[in-house]
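Overview (structure and organization)
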Amino acid sequence: MEQTAILEIKNLKKHFVMTKGIIKKNTTKVRAVDGLNFDVYQGETLGIVGESGCGKSTTGQLILGLLDATEGNIYFQNRDLAVLSQEELRKARRDLQVIFQDPYSSLNPRMTVEELIGEPLVVHKLASGKKLREEVIELMKLVGLGEHQLKRFPHEFSGGQRQRIGIARALALKPKVIVCDEAVSALDVSIQAQILNLLKKLQRELGLTYVFIAHGLPAVRHISDRIGVMYLGRMVELSDRDEIFEKPLHPYTQALLDSVPIPDPKLRKEHQLIEGEIPNPSNPPSGCHFHPRCPYATDRCRQEDPEYREIMPKHFVACHHPLL
Amino acid sequence: MNVVIEEKVTSNPNPVTKRMKKQAFRLLKSKTGMLGIIIVFFVTLMAVFAPVLAPFDPAKTNVVSRLLPPFWMEGGTTEYLLGTDNLGRDILSRIIYGSRISLMVGIAAVIVAGAIGMILGLIAGYYGKIFDFIIMRTVDSILAIPTILFMLIVLAVLGPSIPTLILVLGGTSWVTYARMVRSETLSVKERDYVRSAKAIGAKDFRIITKYILPNVISSFIVIATLNVATIIILEASLSFLGLGIQPPDVSWGLMLSDGRQYIATSWWVATFPGLAITITVLGVIFLGDWLRDELDPKMKD
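Residues numbered from 1 in each chain as written. Chains lettered and ligands numbered in written order. Predicted model: local features only at pLDDT ≥ 70, side-chain atom pairs only at ≥ 80, totals over all residues. Heavy atoms only, no water.

Describing the overall build of chain B
What chain B contains, in helices and strands, is twelve helices and zero strands. Counting from the amino terminus, chain B carries its helices and strands in the arrangement α-α-α-α-α-α-α-α-α-α-α-α. By the burial criterion, 45% of the 301 residues in chain B qualify as buried. Looking at chain B alone, contacts between residues at least 24 apart form 71% of all its contacts between residues at least 6 apart. (Helix = DSSP H or I, 4+ residues; strand = E, 2+ residues; numbered from the N terminus. Buried < 20%, exposed > 50% of the residue type's maximum accessible area, 1.4 Å probe, protein only. Contact = heavy atoms within 4.5 Å.)

Describing empty space enclosed by the protein
Under the definition given, this model contains six cavities of 30 Å³ or more. Taken as a whole, the largest cavity encloses approximately 100 Å³ of empty space. Around the largest cavity, the lining is made up of 13 residues, and of these Val 98, Phe 100, Gly 166 and Arg 169 of chain A together with Ser 196 of chain B lie nearest the centre. For the lining of the largest cavity, the elements supplying multiple residues, two or more each, are β6 (96-99) and α5 (159-171) of chain A together with α9 (192-199) of chain B. (1 Å grid on protein atoms, 1.4 Å probe; cavity = no way out; pocket = protein on both sides within 12 Å on 5 of 7 lines; lining within 4 Å. Points joined across faces, edges and corners; volume = space filled by probe spheres on them.)

Quick look at the nonpolar core
Among the nonpolar cores identified, the biggest contains 125 residues, and Ile 167 and Leu 199 of chain A together with Leu 169 of chain B are the most heavily contacted of them. Broken down by element, this core gets its largest block of residues, 14 residues, from helix α10 (residues 204-240) of chain B. Apart from the residues lying within four places of it in its own chain, the contact partners of Leu 199 of chain A are Ile 99, Ile 167, Cys 180, Tyr 210, Phe 212 and Ile 223 of chain A. One finds Leu 7, Ile 9, Val 40 and Leu 46 of chain A within the second-largest nonpolar core, a separate group that totals 32 residues. (Core = buried A, V, L, I, M, F, W, Y, C linked by side-chain atoms within 4.5 Å.)

Things to note about the side chain of His 320 of chain A
All names here are of chain A. Among the structural elements, His 320 can be located in the segment after β12 (315-318). Residue class for His 320 comes out buried when judged on its relative accessible area of 12%. A polar contact is formed between the side chain of His 320 and the side chain of Arg 300, at a distance of 3.4 Å. A distance of 2.8 Å separates a polar atom in the side chain of His 320 from the backbone oxygen of Glu 304. Setting aside residues up to four positions removed in sequence, His 320 forms contacts with Arg 300, Cys 301, Glu 304, Asp 305 and Pro 306. (Polar contact = N/O pair within 3.5 Å; in protein donor to acceptor, adjacent residues only side chain to side chain.)

Describing the pattern of salt bridges
According to the stated counting rule, one finds 23 salt bridges over all chains in the structure shown. Taking the shortest distance from any N to any O, the salt bridge between Lys 176 of chain A and Asp 95 of chain A comes out at 3.5 Å. Of this pair, Lys 176 of chain A sits in the loop between α5 and β7 (177-181) while Asp 95 of chain A sits in the loop between α2 (86-92) and β6, placing them 81 residues apart in sequence. When the shortest N-O distance is used, the salt bridge between Arg 94 of chain B and Asp 258 of chain B registers 3.7 Å. Within this pair, whereas Arg 94 of chain B is found in helix α5 (residues 91-127), its partner Asp 258 of chain B is found in helix α11 (residues 252-259), the two being separated by 164 residues in sequence. Owing to a relative accessible area of 23%, Asp 258 of chain B belongs among the partly exposed residues under this scheme. Connected through salt bridges with shared partners, the residues Asp 34, Arg 234 and Asp 305 of chain A form a single ionic network. (Salt bridge = Lys/Arg side-chain N within 4 Å of Asp/Glu carboxyl O.)

Examining the UniProt feature "transmembrane region" (unreviewed entry) in chain B
Cross-referencing UniProt, the feature "transmembrane region" (unreviewed entry) maps to residues 32-54, 101-127, 139-158, 216-245 and 265-291 of chain B in the present numbering. The distance separating the terminal C-alpha atoms of residues 139-158 of chain B is 23 Å; by composition the span is 90% helix and 0% strand. (UniProt positions renumbered as here; feature names shortened; annotations may be inferred.)

Concerning the packing of aromatic side chains
This model, assessed by the stated rule, comprises eleven aromatic pairs over all chains. Look at Tyr 252 of chain A and Phe 290 of chain A: their rings are 5.1 Å apart centre to centre, the planes differ by 65 degrees, and that puts the pair in the edge-to-face class. Of this pair, Tyr 252 of chain A sits in helix α9 (residues 251-258) while Phe 290 of chain A sits in the loop between α9 and α10 (299-303), placing them 38 residues apart in sequence. Like Phe 290 of chain A, Tyr 252 of chain A is buried. The interplanar angle of 55 degrees and the centroid separation of 5.3 Å between the aromatic rings of Tyr 177 of chain B and Phe 220 of chain B together place this pair among those described as tilted. Residue Tyr 177 of chain B is found in helix α8 (residues 162-188), and its partner Phe 220 of chain B is found in helix α10; the two are separated by 43 residues along the sequence. Of the residues examined, Phe 220 of chain B reaches a relative accessible area of 12% and is grouped as buried. Between the NZ or CZ atom of Arg 221 of chain A and the centre of the ring of Phe 245 of chain A, over which it lies, the distance is 3.9 Å. (Phe/Tyr/Trp six-rings, centres within 6.5 Å; stacked < 30°, edge-to-face > 60°. Lys NZ or Arg CZ within 6 Å of the ring centre and 35° of its normal.)

Comments concerning the packing of α8 of chain B against α10 of chain B
If you want to describe how two helices pack, look at the angle between their axes and the distance between the axes. Residue and element names in this part refer to chain B. The interhelical angle for the contact between α8 and α10, taken along N-to-C directions, is 155 degrees, at an axis separation of 9 Å. Looking at the two axes, α8 sits roughly antiparallel to α10. For the crossing formed where α8 meets α10, the hand is right-handed. Of the residues in the contact of α8 with α10, the class split is 15 nonpolar, five polar and two charged. (Axes fitted to C-alpha atoms, helices over the stretch in contact; angles between N-to-C directions. Parallel < 35°, antiparallel > 145°, perpendicular 65-115°, else oblique. Left-handed = near helix turned anticlockwise from the far one by under 90°. Nonpolar A, V, L, I, M, F, W, Y, C, P; charged D, E, K, R; others polar.)

Some thoughts on the packing of α5 of chain B against α11 of chain B
Residues and elements named next belong to chain B. In contact at an axis separation of 8 Å, α5 and α11 are set at 135 degrees when each is read in the N-to-C sense. Considering the angle they form, α5 stands oblique to α11. Across the interface between the two elements, Ile 91, Arg 94, Ile 95, Gly 98, Ser 99 and Ser 102 from α5 touch Trp 252, Met 255 and Asp 258 from α11. Grouping the constituent residues of the contact of α5 with α11 by class yields four nonpolar, three polar and two charged.

Some thoughts on the sheet that holds β12 of chain A
Residue and element names in this part refer to chain A. In spatial order, the strands read β6-β7-β8-β3-β9-β10-β12-β11; together these eight strands make up an open sheet with mixed pairing. Strands at the two margins of the open sheet, each flanked by one partner only, are β6 and β11 (308-312). Taken pair by pair, the neighbouring strands of this sheet meet at an average axis angle of 25 degrees, ignoring direction. Inspection of the sheet shows β6 paired to β7 by four bridges, in the parallel sense. Paired with Ile 99 across the two strands is Cys 180, which belongs to β7. (Pairing = 2+ DSSP bridges.)

Section: the layout of surface pockets
Here the idea is plain: a probe the size of a water molecule rolls over the atoms and shows the empty space left. When its volume is computed, the largest pocket comes out at roughly 1300 Å³. Lining the largest pocket are 39 residues; nearest its centre among them are Gly 65, Leu 66, Leu 67 and Asp 68 of chain A together with Lys 198 of chain B. Among the secondary structure elements, those contributing two or more residues to the lining of the largest pocket are β1 (5-20), α1 (56-64), β4 (71-76) and α2 of chain A together with α5, α6 (129-144), α9 and α10 of chain B. Looking at the lining of the largest pocket residue by residue, the class counts come to 18 nonpolar, eight polar and 13 charged.

A word on the sheet that holds strand β5 (residues 79-80) of chain A
All names here are of chain A. The four strands lie next to each other as β2-β1-β4-β5, forming an open sheet whose pairing is antiparallel. Lying at the two open borders of the sheet, with one neighbouring strand each, are β2 (26-41) and β5. Across two bridges, β4 lies against β5 in antiparallel orientation. Residue pairing in the sheet places Phe 76 in a bridge with Arg 79 of β5.

Here it is as structure tokens:
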């Protein structure tokens, strides 16, 4: 099946400039996202994983237009988002929505559920009065909330229910792509599964495309079709979910997989855990960014930046010595 | 555990009335809060119904009965319950009428100051950059000027009148609001729910009015009530110095200033208006304290 790309990310970069010092201004650049290239296909779920500080959340915000890219382009349905005016971008927002990590901080505490879920429709003048209320109730039913909860405030709900409100709010505009920024990491494990199932159900029913950002591979295994692994602002590996889990080609992916605890003591083996900390993104290592922590690093890795290339059909890796 | 809570909530037909009942209940429990409300309520009543309540015209002089002591002292009459001043004016009536101007100036100046401070604080905090720079440097400059001196000069140049007084008091005290609103705005605008508003495509005006304003308003209200107290005292100081309220208008501060000369011989002339200021200010402060606790989100449920 030939898939069409709904989102194309080309050479995307986001550098944050930090100024230090009182008399002598020292500016340092934090390369939060440093040259990303990937496509998101219509109707799929693309999982993006990486350690804290690897730029995955920044990527999400860049896609949503909440941050401006330093360099590079994002094409949504073949339209470059960077060239849109403020007003056009606001309209394009209807198709690109977000579900936030923390349901406790992502809902305005001063608004009722009805206002929260109805607001996107009001903002884009899509419904009002009785029709607005009907649509809100329908959205609430869609995510498993009841009509009697319309007039409640967020603090009256549990974390899982709050996340449902957040999902209903994101769905109100009938978006095509939803960026789930660690959408379940703040929830209890039992609730996580419920929310993931809800997201899957909604995807089937509404034909949604998800960009699912998480910090661990197990978190995205359940929901993703493809998985991309990020390290220090770059994509190091991207492939189908099963292939990532069965045949990881990048040493970093391998290490991430090894660090997943196995719930069976008999199967425990000597792990090759990644040592050291994630380097400072304002001063990344030369060559391959992963080389100081990589067990297979060679001189070439220390000097030359590996190219991000399609090493096997639909399997992208940025490594000089992929684990073939 | 979760289920139990949910049942409790669902069984309640109308959460809004329940919330209001809860607030009323907590007010009854807070003794100082209750006291504050009672004081403020009575002072307001006194101001509104001054013509009905006052036994005499506050400006009517009567040289025969000047400097009469309060009724319980030797020489006092029940006609003038709190005695008379140096011109034979009834002190009780003057206090009752004085509440009008003291309250009006206090509240109007707070509204002026609050409105300016709120708008500039929101702009400085939300838009940042050059707006922030200009507004905050203005705030710093105003803070660097000695307030009373500045107000005296403005009043001396423009001539003392109630509107000028309100503008001068409001025009110098907005800086507190602007600083407070700006810093709260800076913290609120980084929250996820503001980002979520941007993500659904809300315009700046909507984000400011629906997301930022409601979330900074609670500290704002608290500061405003406390500021009413400060302004009443400031008005008293200015009237005391002779550039505030001018006769035949009467305010507590003016009475205090009139009574100064007689403090050694006729203490009641200055003491009763002073007491009126203290009690009212205390009432407003108690009310503000209660509001602060009440509007704290942690207090909810």
